[in-house]
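Residues per chain are reported as follows:
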There are 2 protein chains.
Amino acid sequence: MLTDAEFDRVCLVLVRARNPSNIGAVARAMHDFGFRRLRVVNEFPVPFEAARSAVDASAVLADAVGYASVAEAVADCTLVVGTTAVGERDLQHRLLPAAEAAVRVREEVRRCVDADGGTARVALLFGSEKTGLSNEELSHCHWLLTIPMYEHEGLRHPSMNLGQAVAVCLYELVRDEAERGGISESNGRTFALADSAALERTTALLREVLEETEYTRRHAANSDPAQVRRLVRRMGLDVVDAPVWTGILRQVVWKLRGARRE
Amino acid sequence: MLTDAEFDRVCLVLVRARNPSNIGAVARAMHDFGFRRLRVVNEFPVPFEAARSAVDASAVLADAVGYASVAEAVADCTLVVGTTAVGERDLQHRLLPAAEAAVRVREEVRRCVDADGGTARVALLFGSEKTGLSNEELSHCHWLLTIPMYEHEGLRHPSMNLGQAVAVCLYELVRDEAERGGISESNGRTFALADSAALERTTALLREVLEETEYTRRHAANSDPAQVRRLVRRMGLDVVDAPVWTGILRQVVWKLRGARRE
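Below or above, wherever it landed, is the structure these notes cover. (Residues numbered from 1 in each chain as written. Chains lettered and ligands numbered in written order. Predicted model: local features only at pLDDT ≥ 70, side-chain atom pairs only at ≥ 80, totals over all residues. Heavy atoms only, no water.)

Turning next to the overall build of chain A. Looking only at helices and strands, chain A features 13 helices and eight strands. In chain A, buried positions account for 52% of the 262 residues. Here chain A has roughly 11900 Å² of accessible surface; of this, 51% comes from carbon and sulfur atoms. (Helix = DSSP H or I, 4+ residues; strand = E, 2+ residues; numbered from the N terminus. Buried < 20%, exposed > 50% of the residue type's maximum accessible area, 1.4 Å probe, protein only. Areas by Shrake-Rupley, 256 points an atom, 1.4 Å probe, with all protein chains shown as cover.)

So, in structure tokens, the structure goes:
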């Protein structure tokens, strides 16, 4: 995840986005991932009002700035990255897949922050849904980023929905770099595993159940003690579930015995 | 990138998606990244017609299948992954960030393909934009995936636009693994996981046992149907152990009833 100072150095530049709901979708994706600086390049006044209905996007849209040209929109940026669907045109730029591009963008963002007092920024340019970025617009870019997509046989090269493309790019920028090395800590349900003593209690009770129900007699091949022990080990019980299972099995034994005594 | 056979083993399951344009956006993201199997769970007929206007999504939508319940929609799936915005509820599941989740999904997809002749699949569940997945719906899941988002101070936890969330998840699944630095996992026992239909049979029998033994009455707090379903999902049953447990539970039920009749 980026720091707040780093988030502040990233500009998203929408070039010739005509559809207010697309602008709203972009603003929402920015909000979701923590980005704030939206710049819009258009020859006509941008219909921000219509876009403001987008959920949670209001702060981003309120601060959005309009520019008359790409040159003006990226004037304070030290790195300008264009986005493109490959294959659309004869590319004159270096092209990086999103994941590799994100590493370089983060590097430059950090350099901007470290050069303290400066206001240098990094720009990500997105073209209109219909035509993408023109060659003139692309010429402002240092290099290009592309999102790897599936090439359907016989179909024209796919281009993504604008909001979705922005979401994927921003996700790449904030994705924890630690994950890249394959290590990450998960949260949610993360109880410690039950110890072997607890598992043995569960195993003993399960064996009692198998005896009491005559399962052992009927399915002798499944009832070897080591087999039952492994069966319980494969459950992967944690410290919360182990006593639940013990409770269930104890109740079964109690019921079987009580019933037999009646 | 996945192979065509692997793409075929991934199902996207939309639960209670009401807005046709959202369904269309999901179908378009699937098309862009090469996924084909869309399943929709709804209590009313799904307005696929209205969604068909989505660019490039027609093939995905034409093959979409409607189901009346989550259980039916995931019956042939050996791994069911729910998606959630963290912080919405008290999570009862293991929660993995999207990048780590994608590694595990791909592993299971490959296992499904390697078990040749099989039709086992992996399901990714997405809830309605408004409410996400309910606890009952989540209880069909083995674990949950979340897209890390920015936590805005003083604002409710963000939830992503449905089409954008799907795009990010599918992007993670197809992103070149080489970038990740190569993660692999191997173990000895490598039977395929049991599908959800088998897990539901185990769950139903366990609930019968809990009823018959009066466990339900004594430990009401542990006996909620969704809780019992999650307890069984956490066992991580494979195709060998699932019928063993079903056999054990059936024997317990048989004995309890037989004993009562005596």
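Before going further, it helps to spend a moment on the interface of chain B and chain A. Contacts between the two partners involve 70 residues from chain B and, on the opposite side, 67 residues from chain A. Both sides together, the interface formed by chain B and chain A hides about 6200 Å², and carbon and sulfur atoms give 58% of it. The largest contributions to the chain B side of the interface with chain A come from Tyr150, Gln164 and Tyr171 of chain B, which together make up 11% of the buried area. Counting every contact that joins chain B to chain A gives eight salt bridges. A salt bridge links glutamate 172 of chain A to arginine 175 of chain B, with the nearest nitrogen and oxygen atoms 3.7 Å apart. Joining chain B to chain A, the criterion identifies 21 residue pairs in polar contact (both at pLDDT 80 or more). The dominant element in the side of chain B that touches chain A, judged by the number of residues it contributes, is helix 12 (residues 241–261) of chain B, at eleven residues. (Contact = heavy atoms within 4.5 Å. Buried area = accessible area lost by both parts, 1.4 Å probe. Salt bridge = Lys/Arg side-chain N within 4 Å of Asp/Glu carboxyl O. Polar contact = N/O pair within 3.5 Å; in protein donor to acceptor, adjacent residues only side chain to side chain.)

Attention shifts here to the side chain of arginine 39 of chain B. Residues and elements named next belong to chain B. Topologically, arginine 39 is positioned in strand 2 (residues 37–41). At 2.9 Å, the side chain of arginine 39 forms a polar contact with the side chain of aspartate 76. Those residues in contact with arginine 39 that sit more than four places away from it in its chain are Cys11, Leu12, Val13, Leu14, Val65, Tyr67, Ala73, Asp76, Cys77 and Arg121.

Our next topic: the environment of arginine 39 of chain B. All names here are of chain B. Accessibility expressed as a relative area gives 7% for arginine 39, which makes it buried. Separated by 19 residues in the primary sequence, arginine 39 and serine 58 place their C-alpha atoms 14 Å from one another. There is a polar contact of 2.6 Å between the side chain of arginine 39 and the backbone oxygen of alanine 73.

Let us now look at the environment of leucine 193 of chain B. Residue and element names in this part refer to chain B. Within the fold, leucine 193 resides in the loop between helix 8 (162–174) and helix 9 (196–212). Residues leucine 193 and aspartate 56, spaced 137 residues apart in sequence, show a C-alpha to C-alpha distance of 34 Å. Residues within four places of leucine 193 in sequence aside, it is in contact with Thr78, Glu108, Arg111, Gly236, Leu237, Asp238 and Val239.

So, about the pattern of salt bridges. One pass over the structure, following the stated rule, counts 39 salt bridges over all chains. Taken together, the shared-partner salt bridges connect Asp8, Arg37, Arg39, Asp76 and Arg121 of chain A into one network.

This part takes up empty space enclosed by the protein. In this approach, a probe sized like a water molecule rolls over the atoms, and the result shows the empty space that is left. In total, this model carries six cavities of 30 Å³ or more according to the counting rule given. Its volume calculated, the largest cavity comes out at about 300 Å³. Around the largest cavity, the lining comprises 22 residues; the ones closest to its centre are Thr83, Thr84, Ala85, Met160 and Ala165 of chain A. For the lining of the largest cavity, the secondary-structure elements that each account for two or more residues are strand 7 (143–146) and helix 8 (162–174) of chain A. Each residue belonging to the lining of the largest cavity can be placed in one class, and the counts come to ten nonpolar, nine polar and three charged. Estimated volume of the second largest cavity: approximately 70 Å³. Together, Leu206, Val209, Trp245, Ile248, Leu249 and Val252 of chain A together with Leu206, Val209, Trp245, Ile248, Leu249 and Val252 of chain B line the second largest cavity. (1 Å grid on protein atoms, 1.4 Å probe; cavity = no way out; pocket = protein on both sides within 12 Å on 5 of 7 lines; lining within 4 Å. Points joined across faces, edges and corners; volume = space filled by probe spheres on them. Nonpolar A, V, L, I, M, F, W, Y, C, P; charged D, E, K, R; others polar.)

As enumerated under the stated definition, the model contains seven aromatic pairs over all chains in all. Through successive ring pairs, a cluster of aromatic residues spans Phe7 and Phe35 of chain A together with Tyr150 of chain B. If you follow arginine 218 of chain A out to its NZ or CZ, it ends over the ring of tryptophan 254 of chain B, 4.5 Å from the centre. (Phe/Tyr/Trp six-rings, centres within 6.5 Å; stacked < 30°, edge-to-face > 60°. Lys NZ or Arg CZ within 6 Å of the ring centre and 35° of its normal.)

By themselves, these are just geometric observations and shouldn't be taken as functional.
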